[in-house]
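Okay, here's what each chain looks like letter by letter:
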Amino acid sequence: MEKNISCSFSDLSSNLGISCFIAFITIILVRVIYVIYRTGKPLSKRSPQALSTLIVLGSGGHTAEMINLLLVLQKDRFTPRFFIAAATDNMSIQKARVLESSWADSQSGVKGISAEFMQIYRSREVGQSYITSVWTTLVAMVHALWLMIKIRPQVVLCNGPGTCFPLCVIAFIFKVIGIRWSSIFYVESIARVKRLSLSGLLLYKLRIADQFFVQWPQLHRKYPRAHYVGCLM
Amino acid sequence: MGESLDGVKGKRVVFVTVGTTRFDALVKVVDSQEVKDELLRRGYTNLLIQMGRGSYLPTKSTGDDGSLAVDYFTFSSSIVEHLKSASLVISHAGSGSIFETMRFGKPLIVVVNEDLMDNHQSELAEELAERKHLYCARPPTLHLTIASMDLKSLVPYSPGDATPVAKLINRFLGFPED
């Protein structure tokens with residue numbers, strides 16, 4: 001008799017456990033589907049306030065292209081600004097600092113630089129094998145999570161370096177969990193004429209970016225959900 | 001451009017840049033007798049090489065004996081002055097170097113690094129070469145490109161514009177149109 005009772009009790013609790021687990025997975029799936037559905041739909045707010053903005057910098061031409069874009073954005077709409085570059089990329093942070101100081105100088109009497117500069121472990125070094133990149137990407141993901149929890153941006157601007165992928169994935173997860181809704185904008189580099197970069201391909205296929213911009217018509221033909229905006233440089 | 005007619009050559013500098021990369025194949029081939037002879041034949045007097053993180057060291061030369069004057073350095077905080085004073089630029093295929101050079105309207109030969117793993121850089125160089133904004137070469141064929149190039153046939157590149165992207169971003173976020 002007692003054996004039967006304890007058996008049925010453990011059955012009950014394991015059934016309960018399984019039900020909770022299934023309910024949890026279902027909720028997550030529903031949230032993911034909802035986020036993917038809402039991704040790419042313009043925000044419904046009229047005249048929003050200033051939006052906290054994460055700007056992802058990358059070595060080589062990436063930072064130059066990003067600065068080119070920042071110069072035509074109204075800085076009072078995208079503030080406070082958080083710049084993230086790879087840990088080994090001091091030049092990009094330097095260029096961003098120069099840009100921000102020139103903005104601070106040109107403003108009269110306003111509070112000083114409303115920007116922060118951070119560095120993140122790289123998902124993948126240039127030339128690194130794709131196999132070892134799996135581990136380094138995981139490390140980068142954890143570091144990215146730490147930084148994103150601190151920043152919780154409303155806007156994410158990126159243009160291709162590997163560093164942006166973990167950050168965009170985490171921004172997407174924040175949308176699913178409800179920590180912060182953000183608008184993710186991805187501008188594929190001008191150096192990408194016929195093929196997308198790996199970051200671009202992933203963000204396009206997984207529908208993580210709200211708006212995906214390409215600079216050459218060949219890419220627009222291949223990836224019709226992207227916006228063709230011509231050359232930025 | 002073109003050869004000086006009065007026999008007294010002004011200084012005509014060829015500036016070679018590899019940006020922040022290492023591109024020994026380019027530095028080596030530019031330092032080769034074949035390429036240097038071709039540059040002399042086309043009327044250039046000086047060769048200045050920015051060699052970046054490379055390990056191959058070119059041979060310096062004062063050019064007093066009528067040969068090409070050769071000098072090199074690794075990095076500088078800004079290559080703008082070198083670009084401005086160059087008559088010809090030979091660059092690696094990085095987009096930053098390419099667009100910075102075209103902004104100054106300098107004739108440009110882009111050399112693609114065949115040793116790079118995922119060589120997406122060649123896409124940009126080839127596209128711009130197809131549109132006649134620059135010449136595209138690989139290290140083994142550089143001397144041929146120099147011999148046959150017609151710089152007057154190059155089409156100036158009109159700078160791009162980031163405002164279409166800004167407009168779309170602002171519209172998406174609900175900011176009013178200016």
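Because the structure is predicted, anything quoted here is derived from the model rather than measured. (Residues numbered from 1 in each chain as written. Chains lettered and ligands numbered in written order. Predicted model: local features only at pLDDT ≥ 70, side-chain atom pairs only at ≥ 80, totals over all residues. Heavy atoms only, no water.)

### As for the interface of chain A and chain B
Frequently, the measure chosen for interface size is the accessible area that the parts lose on association. The partner chain B presents 32 residues to the 46 residues of chain A that form the contact. Interface of chain A and chain B: buried area, both sides summed, is about 3,300 Å²; carbon and sulfur atoms make up 65% of it. Put simply, chain A and chain B have one salt bridge between them. Here Arg 195 of chain A ties to Glu 123 of chain B by a salt bridge, and the two come within 3.0 Å at their closest N and O atoms. Taken together, chain A and chain B are joined by eleven residue pairs in polar contact (both at pLDDT 80 or more). Top element by residues in the side of chain A that touches chain B is helix 2 (residues 61-70) of chain A. It accounts for four residues. Classifying every residue of the side of chain A that touches chain B by side-chain character gives 24 nonpolar, twelve polar and ten charged. (Contact = heavy atoms within 4.5 Å. Buried area = accessible area lost by both parts, 1.4 Å probe. Salt bridge = Lys/Arg side-chain N within 4 Å of Asp/Glu carboxyl O. Polar contact = N/O pair within 3.5 Å; in protein donor to acceptor, adjacent residues only side chain to side chain. Helix = DSSP H or I, 4+ residues; strand = E, 2+ residues; numbered from the N terminus. Nonpolar A, V, L, I, M, F, W, Y, C, P; charged D, E, K, R; others polar.)

### Quick look at the side chain of Gln 218 of chain A
You can see Gln 218 of chain A is positioned in helix 7 (residues 217-222). Only 2.9 Å separates the side chain of Gln 218 of chain A from the side chain of Glu 127 of chain B, close enough to count as a polar contact. With residues up to four places along the chain from it excluded, the contact list for Gln 218 of chain A reads Val 193 and Lys 194 of chain A together with Glu 127 of chain B.

### Some thoughts on the sheet that holds strand 4 (residues 86-92) of chain B
Residues and elements named next belong to chain B. Here six strands make up an open sheet; going across it, the order is 3-2-1-4-5-6 and the pairing parallel. Edge positions in the sheet fall to strand 3 (69-73) and strand 6 (135-137), since each has one partner strand and no second. Strand after strand, the sheet turns through a mean of 20° between neighbouring axes, direction not considered. The pairing of strand 4 with strand 5 (residues 108-111) spans four bridges and is parallel. Residue His 92 lies in a different strand from strand 5, and its bridge partner there is Val 111. (Pairing = 2+ DSSP bridges. Axes fitted to C-alpha atoms, helices over the stretch in contact; angles between N-to-C directions.)

### Concerning helix 2 (residues 33-41) of chain B
Residues and elements named next belong to chain B. Taken as a whole, helix 2 has its buried residues at Val 35, Lys 36, Glu 38 and Leu 39. The buried residues of helix 2 all sit within an arc of 160° when viewed along its axis, so they share a single face. Opposite the packed face of helix 2, turned more than 90 degrees from it, sit the exposed residues Gln 33 and Arg 41. Where helix 2 is buried, its residues meet strand 1 (13-17), helix 1 (24-30), strand 2 (46-50), strand 3, strand 4 and helix 6 (142-148). Positive phi shows up at Gly 43, right after helix 2, with a value of about 95°. (Buried < 20%, exposed > 50% of the residue type's maximum accessible area, 1.4 Å probe, protein only. Arc of directions from axis to C-beta.)

### Digging into empty space enclosed by the protein
Residues and elements named next belong to chain A. For the structure on display, the rule yields two cavities of 30 Å³ or more. In this structure, the largest cavity spans a volume of roughly 50 Å³. In this structure, the largest cavity is lined by Thr 53, Ile 55, Leu 70, Leu 73, Lys 75, Phe 78, Arg 81 and Trp 103. Among the secondary structure elements, those contributing two or more residues to the lining of the largest cavity are strand 1 (51-56) and strand 2 (78-86). Tallied by class, residues from the lining of the largest cavity come to five nonpolar, one polar and two charged. In this model, the second largest cavity occupies a volume close to 40 Å³. Together, Glu 65, Met 66, Leu 69, Asn 159, Val 187, Gln 215 and Leu 232 line the second largest cavity. Among the elements that line the lining of the second largest cavity, the one with the most residues is helix 2, at three residues. Of the residues belonging to the lining of the second largest cavity, the class tally is four nonpolar, two polar and one charged. (1 Å grid on protein atoms, 1.4 Å probe; cavity = no way out; pocket = protein on both sides within 12 Å on 5 of 7 lines; lining within 4 Å. Points joined across faces, edges and corners; volume = space filled by probe spheres on them.)

### Digging into the pattern of salt bridges
Residue and element names in this part refer to chain A. As enumerated under the stated definition, the model contains eleven salt bridges over all chains in all. Here Arg 81 makes a salt bridge to Glu 100, at a shortest N to O gap of 2.6 Å. In this pair, Arg 81 sits in strand 2 while Glu 100 sits in helix 3 (residues 90-106), placing the two residues 19 residues apart along the sequence. Side by side, Arg 81 and Glu 100 carry an identical accessibility label, which is buried.

### Details of the nonpolar core
By size, the foremost hydrophobic cluster in this structure holds 35 residues, and its most contacted members are Leu 54, Ile 84, Leu 167 and Phe 212 of chain A. It is helix 5 (residues 164-177) of chain A that contributes the most residues to this core, ten residues altogether. Once you skip the residues sitting within four places of it in the chain, Leu 54 of chain A turns out to touch Phe 82, Ile 84, Met 148, Ile 151, Pro 153, Val 155, Val 156, Leu 157 and Leu 167 of chain A. Counting residues in each nonpolar core, the second largest holds 31 residues, with Ile 55, Leu 69 and Phe 78 of chain A together with Val 165 of chain B among its members. (Core = buried A, V, L, I, M, F, W, Y, C linked by side-chain atoms within 4.5 Å.)

### Overview of helix 4 (residues 130-151) of chain A
All names here are of chain A. Between its first and last C-alpha, helix 4 extends 29 Å over 22 residues, near the 32 Å set by a 1.5 Å rise per residue. The complete set of buried residues in helix 4 reads Ser 133, Thr 137, Ala 140, His 143, Ala 144, Leu 147, Met 148 and Ile 151. Check the buried side of helix 4 and you find it contacts strand 1, strand 2, strand 3 (115-120) and helix 5. Immediately beyond the C-terminal end of helix 4, within one or two residues, lies Arg 152, with a positive phi of roughly 45°. (Expected span 1.5 Å × (residues − 1).)

### As for the environment of Leu 39 of chain B
Residue and element names in this part refer to chain B. With respect to the helices, strands and loops of the structure, Leu 39 is situated in helix 2. Considered as a pair, Leu 39 and Ser 95 are 56 residues apart in the sequence and their alpha carbons are 25 Å apart. The contacts of Leu 39, once residues within four sequence positions are left out, are Val 14, Tyr 44, Leu 47, Leu 68, Leu 88 and Ile 146.

### What to know about the domain arrangement of chain A
Residue and element names in this part refer to chain A. Domain boundaries assigned for chain A yield domain 1 (1-38) and domain 2 (49-228). With centres defined by C-alpha atoms, the gap from domain 1 to domain 2 works out at 38 Å. At the interface, seven residues of domain 1 touch seven residues of domain 2. Together, Arg 31, Val 35 and Ile 36 form the three largest contributors to the area buried by domain 1 at its contact with domain 2, with a combined 67%. (Domains from an automatic or database assignment.)

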